[in-house]
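Summary of the model geometry
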Amino acid sequence: MKGDDAGALRVAIVGSGPAALYTAAELVRVGGQDVQVNMIDRLPTIGGLVRAGVAPDHADRRQVIDVYEKLARSGGRFRFHGNVEVGRHVSHAELLAHHHAVIYAIGASGSRPLDVPGANLSGCHPSSEFVGWYNGHPDHADLPVSLDCERAVVIGNGNVALDVARILLKGDDALVSSDIAAHAREALATSRIREVCVLGRRGPAQAAFTHPELLELGDLEDLSVQVDPAELASVDWRSDDFASTLRKATLETYARSRGVPNARRLLLRFMVSPIEVLGRSRVEGLRLVRNRLVNTSEGRVTAVPGERSDVLQTGLVVHAIGYRGSPPQGLPFDAVSGVIPNRGGRMLDGPGGKPRAGQYVVGWIKRGPRGVIGSNKLCARETVRALMQDAAAGGLPVPVRGGESFSPLIHARQPDVVSYRGWKAVDRFERQRGQGVRPREKLTRVDDMLRVARSVA
Amino acid sequence: MTYVIVGSCVNDAVCTEVCPVDCIQPAPEAGEFATTEMLYIDPDVCIDCKACADACPINAIYPAEHLPDKWTAYREINAAFFRQRMRS
Ligand SMILES: Cc1cc2nc3c(=O)[nH]c(=O)nc-3n(C[C@H](O)[C@H](O)[C@H](O)COP(=O)(O)OP(=O)(O)OC[C@H]3O[C@@H](n4cnc5c(N)ncnc54)[C@H](O)[C@@H]3O)c2cc1C
Ligand SMILES: NC(=O)c1ccc[n+]([C@@H]2O[C@H](COP(=O)([O-])OP(=O)(O)OC[C@H]3O[C@@H](n4cnc5c(N)ncnc54)[C@H](OP(=O)(O)O)[C@@H]3O)[C@@H](O)[C@H]2O)c1
Ligand code: SF4
Ligand code: SF4
């Protein structure tokens, strides 16, 4: 960091996922050296869900982190404070006291609950935990995952559901060159799973997954992707839509294919909802009900449960039915939409309420848990534009504390704070451990990360 | 020849900013950008300058004849996007 901070616009960004990084880069683009950024993350690592969500066999996508880190740091006045949780080590009020503006980019790291009896049986996992487990998120590295059954079931029809199904079925050879957490690689190497059922509550035309992810399933070795042709027979496709055209063709190809003898199977089933997770002490089955589709008066297609139900035997259920944010104490939250209430990135004191001066949101906690990595870029532009307009209009409160007192405060509260250099040491260490076989071998425990980070402190 | 975007695209539109002939679509200014699954290159307009491939942060753009095996379907998918557009 160059110079002192007199005259600088001091901004705290909470989070270090793509929304945070795009925001920092955009602040530098429009404000140059006049903007000083303190980026705070509860983990010692930078990247958010790009590190801990994006699938290990899609690790090429993680390169966005490097690119945006560079841009964020190009103004020369960027600081990272890792292993610091807002709401625990430092409060929202303290951030405000030290900065002209505070931007929340905390994402949505929890799962929407699966609201059926038996959902908390062992062997039934929300995607946030299961994905965190295979990606080595320190919160989930110890998740007790058992792969000792022939069939697994994934509930939900989004890209996360397809990620989970793919990882469960991808052979060891393909995962060896990925950056999957070592504990997950080992568990999957002795997995007994031969079949994964992915369950959509609506029809193929309403599924939330995208075509690239659907098409990729067909490329997996030793795997048959199966769709019951009867499920495609009466689908009302929107023919004008390019993505629907591709989806229809690919699903029809899967429905026609006879499959590879003795291969593992991935079954895409539609119009079924879980109604009960069965089992005494752990998951033994899942009771499903067949749905039918109904057009609502608002033009939406919804699933309505019918009469017929059946039971799938399974020992592992992962529900990938969407994510949910939970902001730290003292911040407004709209429990219905799962976001911090805001208008174009300006935080409001409640849904439809008044703006809170100097407080902003960006990314999933602003828009809800939807959209790909790049969606956060335009979102960050909008938030930064609002902030800069407020700054120009004299609408930002003057911080009561000087900028130089922020780092000492953090150090006092969290002696194990990880600096940018500390994170880069972890990053380098992980890449070296990959030994050219895989992009990196992740550290999955905060203590181990701290040991490496301290080596450069 | 043409360049081709493959399925790992994360829609961050760095490529559209550098393309000299605006053949990468949908661009962020278009309403369609918010819902598109990925971006596509129009093979009839691309002048093969490689600027997009150099700019893409995640290497999701390849020359059509050097597509890695797992992405070969994307040559046709990129072209089909523009054919369907012409029709509608
Ligand atoms: C399983 C999964 C796979 C995905 N795969 C892809 C993909 O392949 N391609 C793609 O384009 N998109 C993918 N996405 C979408 C993409 O990851 C999101 O669009 C993006 O990560 C959202 O960014 P964000 O910055 O808002 O949140 P996040 O990435 O979640 O970042 C939030 C950050 O805030 C930190 N934080 C939270 N609370 C606090 C606190 N109180 N104090 C300090 N720090 C805090 C967290 O530790 C985290 O680092 C995937 C999403 C998921 C869930
Ligand atoms: N490009 C990639 O590779 C990639 C990978 C992962 C994630 N992402 C992105 O990250 C975002 C989040 O992904 P996501 O998969 O978590 O969410 P999502 O795309 O919103 O999908 C959630 C799925 O769960 C279903 N669902 C919700 N409640 C349910 C219930 N009670 N019972 C049964 N099914 C239920 C939804 O069905 P309804 O539609 O009927 O509600 C939907 O199919 C998405 O924008 C996604 O594209 C991208
Ligand atoms: S190669 Fe050049 S002309 Fe072709 S899409 Fe890329 S930037 Fe545009
Ligand atoms: S730069 Fe790469 S990842 Fe970004 S939109 Fe273009 S092709 Fe997709």
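Residues numbered from 1 in each chain as written. Chains lettered and ligands numbered in written order. Predicted model: local features only at pLDDT ≥ 70, side-chain atom pairs only at ≥ 80, totals over all residues. Heavy atoms only, no water.

Turning to the domain arrangement of chain A, a few remarks are in order. Residue and element names in this part refer to chain A. Entries for chain A in the domain assignment read domain 1 (9–109 + 325–417) and domain 2 (112–322). Opposite the 14 residues of domain 1 that make contact, domain 2 presents 17 residues. Of the roughly 1,200 Å² buried between domain 1 and domain 2 on both sides combined, carbon and sulfur atoms contribute 47%. For the domain 1 face of the interface with domain 2, the top three residues by lost area are Ala 52, Pro 56 and Asp 57, together amounting to 43%. At the junction of domain 1 and domain 2, the tally comes to five salt bridges. In this structure, Arg 42 and Asp 139 form a salt bridge, with 2.9 Å as the shortest nitrogen-oxygen distance. At the junction of domain 1 with domain 2, the criterion picks out nine residue pairs in polar contact (both at pLDDT 80 or more). (Domains from an automatic or database assignment. Contact = heavy atoms within 4.5 Å. Buried area = accessible area lost by both parts, 1.4 Å probe. Salt bridge = Lys/Arg side-chain N within 4 Å of Asp/Glu carboxyl O. Polar contact = N/O pair within 3.5 Å; in protein donor to acceptor, adjacent residues only side chain to side chain.)

A cluster of acidic residues, A:Asp172, A:Asp173, A:Glu221 and A:Asp222, forms a negative patch on the protein surface. With respect to the element layout, A:Asp172 can be found in helix α7 (residues 172–176). (Patch = residues over 30% accessible without salt bridge, like charges linked within 9 Å, V, L, I, M, F, W, Y side chains within 5 Å. Areas by Shrake-Rupley, 256 points an atom, 1.4 Å probe, with all protein chains shown as cover. Lys, Arg positive; Asp, Glu negative; His and termini not counted. Charge placed at Lys NZ, Arg CZ, Asp CG, Glu CD. Helix = DSSP H or I, 4+ residues; strand = E, 2+ residues; numbered from the N terminus.)

Lining the immediate surroundings of ligand 1 are 31 residues, of which A:Asp41, A:Leu49, A:Arg61, A:Trp364 and A:Ile373 lie closest. Each of chains A and B places residues near ligand 1. Take A:Pro18: an N or O atom from its main chain is 3.5 Å from an oxygen atom of ligand 1. Contact distances for ligand 1 include 3.0 Å between an oxygen atom and a backbone N or O atom of A:Gly371. At the level of elements, α1 (18–31), β2 (35–41) and α6 (159–169) of chain A are the ones that each hand at least two residues to the shell around ligand 1. (Near = heavy atom within 4 Å.)

The next thing to look at is the packing of helix α11 (residues 242–256) of chain A against helix α3 (residues 73–87) of chain B. Relative orientation of the contacting elements α11(A) and α3(B) amounts to 130 degrees, with a least axis distance of 10 Å. Between α11(A) and α3(B), the crossing angle belongs to the class labelled oblique. For the crossing formed where α11(A) meets α3(B), the hand is right-handed. Contacts between α11(A) and α3(B) involve A:Phe242, A:Thr245 and A:Leu246 from the former and B:Ile77, B:Ala80, B:Phe81 and B:Gln84 from the latter. (Axes fitted to C-alpha atoms, helices over the stretch in contact; angles between N-to-C directions. Parallel < 35°, antiparallel > 145°, perpendicular 65-115°, else oblique. Left-handed = near helix turned anticlockwise from the far one by under 90°.)

It is worth spelling out the site of ligand 2 at this point. All names here are of chain A. With respect to spatial proximity, 22 residues lie near ligand 2, and among them Arg 61, Asn 159, Arg 201, Arg 202 and Gly 371 are the closest. At a separation of 3.0 Å, an oxygen atom of ligand 2 approaches a polar side-chain atom of Arg 61. Note that an oxygen atom of ligand 2 is positioned 2.8 Å from one of the side-chain N or O atoms of Arg 202. A total of 920 Å² of accessible area belongs to ligand 2 in isolation, and the protein chains cover 80% of it.

For the rest of this paragraph, the subject is unusual backbone geometry. Cis peptide bonds are those with omega within 30 degrees of zero, and the linkage from B:Gln25 to B:Pro26 qualifies with -10 degrees. Secondary-structure assignment places B:Pro26 in the loop between β2 (24–25) and β3 (40–41). For A:Asn83, which is not glycine, the phi torsion reads 65 degrees and is therefore positive. By secondary structure assignment, the location of A:Asn83 is in the loop between β3 (78–82) and α4 (92–98). Taking relative accessible area as the criterion, A:Asn83 reaches 9% and is therefore assigned buried. Although it is not a glycine, A:Met271 sits at a positive phi angle of roughly 55 degrees. With respect to the helices, strands and loops of the structure, A:Met271 is situated in the loop between β10 (264–269) and β11 (272–278). (Buried < 20%, exposed > 50% of the residue type's maximum accessible area, 1.4 Å probe, protein only.)

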